[in-house]
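Reading the structure
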There are 2 protein chains.
Amino acid sequence: MARNLQDHILQTASALFYSQGIKATGVDTIVKAAGTTKMSLYKYFPSKDDLVLAHLSKSREAMLNRILAGMEQHASEPKQKLLAVFAVFDELSSSPEFRGCPFINAAAEFAEASNPVQLAAAEFSDTFQQILTDLARQAGARNPEALSQQLAMLISGAMVSEQRRRESGAMRTAAAAAKVLIEQSLACAE
Amino acid sequence: MARNLQDHILQTASALFYSQGIKATGVDTIVKAAGTTKMSLYKYFPSKDDLVLAHLSKSREAMLNRILAGMEQHASEPKQKLLAVFAVFDELSSSPEFRGCPFINAAAEFAEASNPVQLAAAEFSDTFQQILTDLARQAGARNPEALSQQLAMLISGAMVSEQRRRESGAMRTAAAAAKVLIEQSLACAE
DNA sequence: TTGCAACTATACAGACCGGTATGTATTATT
DNA sequence: AATAATACATACCGGTCTGTATAGTTGCAA
């Protein structure tokens with residue numbers, strides 16, 4: 001499981017933050033769930049805020065790795081990779097543990113623009129967008145930035161939709177839209 | 001301004017809930033901002049939860065009215081009305097007060113599935129979706145449900161995107177995608 | 001065996017929150 | 001003038017939150 005206590009605490013907290021919400025999850029709850037004590041938690045994470053940011057950082061890595069791995073596994077050509085991203089998110093949002101996008105949710109919980117959580121959310125968003133833009137460019141899209149932004153919006157929207165109504169097939173419907181947009185963007189480019 | 005104290009309190013609370021977040025806005029803050037006292041607030045709203053639900057109900061009405069008004073004003077044909085919805089949301093998300101979708105944000109703050117806030121969010125989502133589906137059907141779309149879901153996802157995604165990065169032109173990019181999807185859905189139906 | 005570091009156990013401080021109790025001032029109606 | 005409705009002022013309660021202080025326990029290594 002967890003190699004050391006620090007990882008174990010982070011893993012426990014991360015799961016609770018994602019499933020119950022960040023503000024709704026108290027430090028005592030985390031400590032009890034992890035089978036440890038507050039003193040140990042505060043040894044590794046000087047404040048709850050630090051723990052929250054560690055959770056977002058961990059989520060960021062996990063998400064990006066999953067996306068990149070899914071892309072490499074299911075496709076070789078740029079165009080197919082773009083569609084593979086939707087397959088990854090479909091698998092992700094089909095899981096019973098799915099509770100929406102951790103970054104969208106966290107950013108909604110910490111509304112102040114100056115909050116570090118906002119920065120973490122924007123950071124993930126930018127990285128993800130960049131991946132899509134590069135693929136769109138490689139695929140030869142007419143306007144890679146616009147296409148990638150559209151695809152990202154479809155994915156965000158589908159996550160929100162799926163969160164609101166489970167088993168709505170939102171991600172597959174989004175993928176169908178993506179296919180149309182990609183084809184259209186490539187057709188005009190040829 | 002506000003005809004009576006109850007409306008005034010709700011209006012003040014609504015603005016704070018939307019701009020600062022619901023959990024981040026304490027009752028004392030609302031009372032101070034409204035220039036009244038807790039006793040008066042609790043006379044009209046038996047609990048903060050009631051106030052929150054009233055805020056969502058008010059937001060629901062305001063949003064739907066704005067959408068319907070914008071539709072009637074800018075267009076007469078179903079297809080044009082669908083596009084007019086994006087114009088409404090573009091205007092909405094261009095305002096400096098824009099802080100994302102109040103329902104997406106609220107639902108993220110109250111993560112438990114059984115929470116009434118979740119129901120309120122789903123209720124708006126369903127109503128909005130129904131409006132789009134009817135229009136899509138009237139316009140003669142091949143698959144009205146799928147098309148309307150795609151358009152709704154584009155709008156949700158654009159709101160999230162615009163919230164993350166202001167002035168990103170997300171809603172206009174979403175509208176461009178919508179145009180393609182609508183055209184394609186109608187072309188196949190002819 | 002001794003010593004040290006990691007971890008546990010528990011209690012508590014201080015702030016904040018939602019909500020209530022008690023009493024007063026203002027205004028309109030009759 | 002008496003009454004009732006509305007709103008204000010202020011203090012308080014119980015609970016929860018993050019974060020800390022203090023003391024005890026375990027395990028491992030020299």
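By convention here, each chain's residues receive numbers from 1 onward along its written sequence. Chain A is the first chain written and ligand 1 is the first ligand written, with later ones labelled in order. In keeping with the model being predicted, local features are shown solely for residues with a pLDDT of at least 70 and side-chain atom pairs are shown and tallied solely at 80 or more, while totals for entire chains, interfaces and linings include all residues. Values shown for side chains rest on all heavy atoms present in the structure; no hydrogens or waters enter the calculation.

1. Section: the overall build of chain A
Worth spelling out the cut-off: Strands here are runs of E lasting at least two residues and helices are runs of H or I lasting at least four, both read from the DSSP assignment and numbered beginning at the N terminus. Under the scheme applied here, a residue whose accessible area is under 20% of the maximum for its type counts as buried, over 50% as exposed, and between as partly exposed, the area being computed with a 1.4 Å probe on protein chains only. In this analysis, two residues are considered to be in contact whenever any of their non-hydrogen atoms come within 4.5 Å of each other. Areas reported here follow the Shrake-Rupley algorithm with a probe of radius 1.4 Å; residue values treat only the protein chains shown as occluding. Two residue types count as positive, namely Lys and Arg, and two as negative, namely Asp and Glu; His and chain ends fall outside the count. To locate a charge, the coordinates of NZ of Lys, CZ of Arg, CG of Asp or CD of Glu are taken.
Within chain A one finds nine helices and zero strands. The helix and strand sequence of chain A, counted from the amino end, reads α-α-α-α-α-α-α-α-α. Summarising its shape, the C-alpha atoms of chain A cover approximately 60 × 35 × 30 Å along the three principal directions. Taking all 190 residues of chain A together, 54% fall into the buried category. Taking as baseline every contact in chain A between residues at least 6 positions apart, the subset at least 24 positions apart corresponds to 64%. Here chain A has roughly 8,900 Å² of accessible surface; of this, 51% comes from carbon and sulfur atoms. If you average the places of the 19 positive and of the 20 negative side-chain charges in chain A, the two averages end up 5 Å apart.

2. Here we look at the protein's contact with DNA strand D
We apply this condition: Residues are classed as near a molecule or strand on a simple rule: at least one heavy atom within 4 Å of it. Each polar contact in these results corresponds to two N or O atoms within 3.5 Å; when the atoms are within protein, one needs to be able to donate a hydrogen and the other to accept it, and residues that are neighboring in sequence are counted only if both atoms are side-chain atoms. All residues other than Ala, Val, Leu, Ile, Met, Phe, Trp, Tyr, Cys, Pro, Asp, Glu, Lys and Arg, Gly among them, are scored as polar; the first ten of these are nonpolar and the last four charged.
For DNA strand D, the set of nearby residues contains 17 residues, the closest of which are A:Val27, A:Lys38, A:Lys48, B:Thr36 and B:Tyr44. Here a base oxygen of DNA strand D and a side-chain polar atom of A:Lys38 are 2.4 Å apart. Within the side chain of B:Tyr44, a nitrogen or oxygen atom sits 2.2 Å from a phosphate oxygen of DNA strand D. At four residues, helix H3 (residues 38–44) of chain B tops the list of elements feeding residues into the surface near DNA strand D. Class assignment of the residues belonging to the surface near DNA strand D gives a composition of six nonpolar, seven polar and four charged.

3. So, the interface of chain B and chain A
What counts is decided by this rule: By convention, the term buried area covers the 1.4 Å-probe accessible surface removed from two parts as they join, with the contributions of both added. We count a salt bridge whenever a side-chain nitrogen from Lys or Arg sits within 4 Å of a carboxyl oxygen from Asp or Glu.
Counting residues at the interface gives 39 residues for chain B, matched by 39 residues for chain A. When the two sides are added together, the surface that chain B and chain A hide from each other amounts to roughly 3,000 Å², 61% of it contributed by carbon and sulfur. Here chain B is connected to chain A by two salt bridges. The shortest N-O distance in the salt bridge between A:Arg165 and B:Asp126 comes to 2.8 Å. On the surface where chain B and chain A come into contact, there are eight residue pairs in polar contact (both at pLDDT 80 or more). Counting only elements with at least two residues in the side of chain B that touches chain A, the list comes to helix H1 (5–20), helix H6 (102–109), helix H7 (116–139), helix H8 (144–164) and helix H9 (170–187) of chain B. By residue number, the principal contributor to the side of chain B that touches chain A is H8(B), which donates eleven residues. Class assignment of the residues belonging to the side of chain B that touches chain A gives a composition of 19 nonpolar, 14 polar and six charged.

4. Here we look at the packing of aromatic side chains
As a reminder, the rule being used: Aromatic rings from Phe, Tyr and Trp, taking only the six-membered ring of Trp, are treated as a pair when their centres fall within 6.5 Å; an angle between ring planes under 30 degrees marks them as stacked, one over 60 as edge-to-face, and anything in between as tilted. Criterion for a charge above a ring: Lys NZ or Arg CZ within 6 Å of the ring centre, and within 35 degrees of the ring normal.
Within the structure shown, the criterion is met by six aromatic pairs over all chains. Considering the side-chain rings of A:Phe103 and A:Phe124, the 4.4 Å spacing of their centres and the 10° angle between planes classify their relative orientation as stacked. In this pair, A:Phe103 is assigned in helix H6 (residues 102–109) and A:Phe124 in helix H7 (residues 116–139), connecting sequence segments 21 residues apart. When sorted by exposure, A:Phe103 lands in the same class as A:Phe124, which is buried. With centroids separated by 6.0 Å and ring planes inclined at 5°, the aromatic side chains of B:Phe124 and B:Phe128 adopt a geometry described as stacked. Residue B:Phe124 and its partner B:Phe128 are located together in helix H7, separated by four residues, close to a single helical turn. Assigned by exposure class, B:Phe124 and B:Phe128 land together as buried. Among the aromatic residues, those joined into a ring-pair cluster are A:Phe89, A:Phe103, A:Phe124 and A:Phe128. The positively charged end of A:Lys23 is found above the aromatic ring belonging to A:Phe110, 5.1 Å away from the centroid.

5. Quick notes on the protein's contact with DNA strand C
The environment of DNA strand C is made up of 16 residues, and the closest members are A:Thr36, A:Tyr44, B:Val27, B:Lys38 and B:Lys48. Restricting the count to atoms of DNA strand C within 4 Å of the protein gives a sugar and phosphate share of 62%. Within the backbone of B:Lys48, a nitrogen or oxygen atom sits 2.7 Å from a phosphate oxygen of DNA strand C. Listed by contribution, the elements that provide at least two residues to the surface near DNA strand C are helix H3 (38–44) of chain A together with H3 of chain B. With four residues, H3(A) is the largest single contributor of residues to the surface near DNA strand C. For the surface near DNA strand C, the residue count by class is six nonpolar, seven polar and three charged.

6. Things to note about the relation of the copies chain B and chain A
The cut-off we apply is this: We superpose the copies by least squares over the C-alpha atoms of residues that have a pLDDT of at least 70 in both of them.
When chain B is fitted to chain A, the best match, at an RMSD of 0.1 Å, comes from turning it 180° and sliding it 0.0 Å along the axis. The two molecules are tied by a two-fold rotation axis, judged by turn and shift. Considering only C-alpha atoms, the part of chain B nearest the rotation axis is B:Gly157, at 2.1 Å. Both copies share a contact surface, since 100% of the interface residues of chain B are interface residues in chain A too.

7. Some details on the UniProt feature "DNA-binding region" (unreviewed entry) in chain A
What counts is decided by this rule: UniProt positions are given in the numbering used here, feature names are shortened, and annotations may be inferred rather than shown by experiment.
Taken from the UniProt record, the annotation "DNA-binding region" (unreviewed entry) applies to residues 26–45 of chain A. Taken end to end, residues 26–45 of chain A comprises 75% helix and 0% strand; its first and last C-alpha atoms sit 14 Å apart.

8. Things to note about the domain arrangement of chain A
Residue and element names in this part refer to chain A. This is how it is decided: Domain delimitation in this document rests on an assignment produced automatically or drawn from a domain database.
Taken domain by domain, chain A holds domain 1 (1–46) and domain 2 (53–189). If you look at the interface, domain 1 gives eleven residues, while domain 2 gives twelve residues. Interface area for domain 1 against domain 2, summed over the two sides, is near 1,000 Å², with a carbon-plus-sulfur share of 64%. In terms of surface lost to domain 2, no three residues of domain 1 exceed Tyr18, Ile22 and Lys23, which account for 58% of the buried area on that side.

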